[in-house]
Amino acid sequence: MISLPLPSGKWQLVCLSLTNSVSMAHFGYDQGVFAGALISADFLEIFPETKNSGISGITSSCFSLGAFFGCLASFLLGDIMGRRKSIYVGLVANVVGVVLQIAAYHLPQMIVGRLLNGFGMGITSSTCPVFMAEASPSHIRGKLVVLGSLCNTLGFCIANWMNYALFDHDGPFQWRFPLSFQLVFSIIVVTFLPFTVESPRWLLLRGRFEEARITLARLRGTIHDLHDKELNDDIRSIQKALEKEQESRVSILNAVRCGDSLQTVRRLLLSCGTQLMQQFSGVNALGYYLPTLLIESVGVSSSYARLLAGANASLYLGAAFLCLLLVDLVGRRKLMMYGSIAMGSCYLIAAITLREASLHPEQKTVLGKVTVAMFFLYYFCYGTSFAKVPWVYNSEINSLGWRTRGAAAATATNWMSGFVIVQFTKVGVDNLGWGFYLLFAGFCWSFLPIIFLFYPETSRRTLEDMDEIFKSRGSLLVFRDKILTQRSRPRVFIEAEQRRIAESSAPVPESQSA
């Protein structure tokens with residue numbers, strides 16, 4: 001087997017960031033690309049069954065269903081295979097699924113292709129953020145994870161503009177080319193993934209101490225000085241946190257019964273909760289169906305709907321860039337609370353204008369413009385809050401032994417929730433009209449008290465600090481504890497890290513010379 005020379009320091013982080021970011025861009029592209037296919041004349045001619053709202057829903061949402069099962073596979077096998085091998089498996093499933101879709105002339109083949117594509121995306125979308133979080137220095141971890149999520153938005157933006165650019169093409173190229181473009185993302189990932197190192201925390205979890213130390217040294221750029229004090233302090237701290245976690249680890253059954261001091265299930269529920277809230281904010285209802293909703297709810301033309309969807313995606317991308325600056329500056333809790341209020345307000349105004357347009361048809365044009373403005377504003381508010389924060393949060397909040405499982409469970413929650421939302425969006429709009437948007441206003445506002453009461457801040461904490469949060473501060477209600485809600489890293493966690501380093505009894509083994 002050929003061994004590739006591995007970069008170190010900032011170039012290793014560049015390779016990791018490219019792998020994570022392009023994988024997440026593929027994820028975002030998949031969320032937007034099928035919206036154009038659903039209103040393509042050639043697609044509807046080849047698959048006339050999709051004119052039925054129920055079949056259209058399942059054809060769109062089966063991707064999310066496949067992703068759900070991909071997350072389950074990651075939950076069961078992620079800690080056995082490791083981060084890199086999991087991504088390889090996801091890539092293979094993605095490629096096979098894409099090829100089946102672009103060659104489809106019958107609906108069953110299209111659905112099977114989307115299921116396989118989704119299965120691969122479920123594995124990569126649940127593994128990549130964890131991989132990035134475990135390999136990143138704590139002071140830029142949030143930014144690097146959000147960078148991946150930012151590329152998710154970039155992928156979504158590319159998909160929408162591609163759909164608009166191909167509007168004048170009447171044949172199969174109009175929808176087959178956008179679907180085949182997914183292969184570009186897989187090619188880029190498979191180019192850079194061989195140059196990345198495995199997660200040092202996963203290596204420690206598997207008892208491979210020396211490999212973990214060399215890997216961490218490569219990430220920190222100290223590969224030629226394995227006795228660097230800061231490097232060995234970090235590896236001792238991580239190892240000690242893992243040893244303590246393993247001492248208090250219990251079986252899955254006892255974890256479900258809340259019988260462990262690390263509060264595994266509580267952390268799992270918090271992680272899954274952010275993804276549930278993300279999907280029930282209605283983003284995929286708009287992401288998969290925005291052109292359709294603009295045509296049917298607002299009354300614009302097909303070409304104008306595609307143009308608006310592209311412009312909206314560009315605004316969403318700008319909001320995502322802003323979130324990159326805000327996520328560590330403001331903190332996770334405040335961004336999610338702001339998003340809850342702002343998104344719910346946008347839905348309320350959109351529902352009111354749509355209702356008024358149905359009562360006063362002569363004002364439909366003006367009220368339609370207000371509705372479109374609310375969709376745009378919603379995406380801005382979503383882009384600066386729930387679009388990115390849940391991905392950061394679920395990569396941080398879980399314990400080391402459950403980090404892959406927790407991220408997989410959270411991402412599975414995201415995909416299953418997305419499946420439900422996408423499956424019933426078309427039916428909901430057809431039957432509830434403006435009331436459908438009012439429903440999402442209620443969902444968004446309900447998130448505010450949940451976040452305020454139960455969600456601790458994770459900004460500027462190390463991943464090992466998370467165990468300290470749940471071991472030493474067991475109350476379910478966090479809003480009364482400043483240590484759990486302040487943005488800056490509390491002194492008590494810094495002292496706990498110093499104790500872990502001091503208590504580390506095992507000396508760092510000498511590296512083996514070749």
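Residues numbered from 1 in each chain as written. Predicted model: local features only at pLDDT ≥ 70, side-chain atom pairs only at ≥ 80, totals over all residues. Heavy atoms only, no water.

### Notes on the packing of aromatic side chains
Now for step 1: Under the criterion given, the structure shown has 29 aromatic pairs.
Now for step 2: Measuring from ring centre to ring centre gives 4.8 Å for Phe27 and Trp415, while their planes differ by 40 degrees; the resulting arrangement is tilted. Taken together, the residues span a long stretch of sequence, with Phe27 in helix H1 (residues 10-38) and Trp415 in helix H19 (residues 403-432) at a distance of 388 residues. For the pair formed by Phe27 and Trp415, the shared burial category is buried.
Now for step 3: Through a chain of ring-to-ring contacts, the aromatic side chains of Phe156, Phe280, Tyr316, Tyr347, Phe375, Tyr378, Tyr379, Tyr382, Phe436, Tyr437, Phe440 and Phe443 assemble into a single cluster. (Phe/Tyr/Trp six-rings, centres within 6.5 Å; stacked < 30°, edge-to-face > 60°. Helix = DSSP H or I, 4+ residues; strand = E, 2+ residues; numbered from the N terminus. Buried < 20%, exposed > 50% of the residue type's maximum accessible area, 1.4 Å probe, protein only.)

### So, the environment of Lys229
Now for step 1: Tracing the sequence through the fold places Lys229 in helix H11 (residues 229-248).
Now for step 2: When the C-alpha atoms of Lys229 and Pro490 are compared, they prove to be 24 Å apart, with 261 residues separating the residues in sequence.

### Some remarks on the environment of Phe280
Now for step 1: Positionally, Phe280 belongs in helix H13 (residues 264-280).
Now for step 2: A C-alpha to C-alpha distance of 21 Å links Phe280 and Gly155, two positions 125 residues apart in sequence.
Now for step 3: Aside from chain neighbours lying at most four places away, what touches Phe280 is Ser417, Ile421, Phe440, Phe443 and Phe447. (Contact = heavy atoms within 4.5 Å.)

### A few points about the confidence of the model for the protein
Now for step 1: Chain-level statistics for the protein give a pLDDT mean of 83 and a share of 91% at 70 or above.
Now for step 2: Contacts of residues 510-514 to residues separated by more than four positions or lying in other chains number seven contacts, the stretch itself having pLDDT below 50. (pLDDT = per-residue confidence, 0-100.)

### Here's the deal with the nonpolar core
Now for step 1: Leu294 and Tyr378 are the most contacted members of the largest nonpolar core, which totals 97 residues.
Now for step 2: Setting aside anything within four residues of it in sequence, one finds Tyr378 in contact with Ser281, Gly282, Val283, Leu286, Met343, Cys346 and Tyr347.
Now for step 3: Trp202, Leu205, Ile235 and Leu242 belong to the second-largest nonpolar core, a separate cluster that totals 14 residues. (Core = buried A, V, L, I, M, F, W, Y, C linked by side-chain atoms within 4.5 Å.)

### With respect to the environment of Ile223
Now for step 1: Positionally, Ile223 belongs in the loop between helix H10 (209-220) and H11.
Now for step 2: By relative accessible area, which is 18% here, Ile223 ends up buried.
Now for step 3: In this structure, the C-alpha to C-alpha distance between Ile223 and Ser8, residues 215 residues apart in sequence, is 7.3 Å.
Now for step 4: Apart from the residues lying within four places of it in its own chain, the contact partners of Ile223 are Ser8, Ile214, Ala217 and Arg218.

### Points about H10
Now for step 1: Look at H10: 16 Å from first C-alpha to last across twelve residues, which is about the 16 Å you get at 1.5 Å a residue.
Now for step 2: Among the twelve residues that make up H10, nine are buried, leaving the element largely enclosed by the rest of the structure.
Now for step 3: Of all the positions in H10, only Phe209, Glu210, Ala212, Arg213, Thr215, Leu216, Ala217, Arg218 and Leu219 are classed as buried.
Now for step 4: Following H10 by one or two positions, Gly221 has its phi on the positive side, about 80 degrees. (Expected span 1.5 Å × (residues − 1).)

### Side note on unusual backbone geometry
Now for step 1: If you check the backbone angles, Arg460 has positive phi at about 65 degrees while not being a glycine.
Now for step 2: As for its placement among the helices and strands, Arg460 is situated in the loop between helix H20 (435-454) and helix H21 (465-472).
Now for step 3: Classification of Arg460 as partly exposed rests on a relative accessible area of 42%.

### Focus: the side chain of Thr153
Now for step 1: Structurally, Thr153 can be placed in helix H6 (residues 138-165).
Now for step 2: For Thr153, a relative accessible area of 0% corresponds to the buried category.
Now for step 3: Only 2.3 Å separates the side chain of Thr153 from the side chain of Lys388, close enough to count as a polar contact.
Now for step 4: In contact with Thr153, not counting residues within four places along its chain, are Tyr316, Leu317, Ala320 and Lys388. (Polar contact = N/O pair within 3.5 Å; in protein donor to acceptor, adjacent residues only side chain to side chain.)

### Topic: the packing of helix H4 (residues 83-102) against helix H7 (residues 173-180)
Geometry of a packed helix pair, given as the angle between the helix axes and the separation of the axes.
Now for step 1: Look at H4 against H7: their axes get within 9 Å of each other, and the N-to-C directions meet at 170 degrees. By the angle between their axes, H4 is roughly antiparallel relative to H7. Along the contact surface, H4 presents Val98, Gln101 and Ile102, while H7 presents Trp175, Arg176, Leu179 and Ser180. (Axes fitted to C-alpha atoms, helices over the stretch in contact; angles between N-to-C directions. Parallel < 35°, antiparallel > 145°, perpendicular 65-115°, else oblique.)

### Describing H21
Now for step 1: Among the eight residues of H21, six are classified as buried, and the element is accordingly described as predominantly covered.
Now for step 2: Considered for burial, the residues of H21 that qualify are Asp465, Met466, Asp467, Glu468, Ile469 and Phe470.

### Examining a nonpolar patch on the surface
Now for step 1: Taken together, the side chains of Val92, Val96, Val112 and Leu116 define a hydrophobic patch exposed on the protein surface, amounting to about 300 Å² of accessible area.
Now for step 2: For the nonpolar patch, the secondary-structure elements that each account for two or more residues are H4 and helix H5 (107-135).
Now for step 3: Along the chain, Val92 turns up in helix H4. (Patch = residues over 30% accessible without salt bridge, like charges linked within 9 Å, V, L, I, M, F, W, Y side chains within 5 Å. Areas by Shrake-Rupley, 256 points an atom, 1.4 Å probe, with all protein chains shown as cover. Salt bridge = Lys/Arg side-chain N within 4 Å of Asp/Glu carboxyl O.)

### Side note on the pattern of salt bridges
Now for step 1: Evaluated as defined, the whole model comprises nine salt bridges.
Now for step 2: Between Glu356 and Arg355 there is a salt bridge, with its nearest N and O atoms 3.4 Å apart.
Now for step 3: A relative accessible area of 28% places Glu356 in the partly exposed class.
Now for step 4: Glu495 is paired through a salt bridge with Arg491; the nearest N and O atoms lie 3.5 Å apart.

### A short note on the side chain of Ser126
Now for step 1: For Ser126, the position within the fold is in helix H5.
Now for step 2: A polar contact is formed between the side chain of Ser126 and the backbone oxygen of Ile123, at a distance of 3.1 Å.
Now for step 3: Apart from residues no more than four positions distant in its own chain, Ser126 is found in contact with Cys71, Ser74, Ala407, Ala408 and Thr411.

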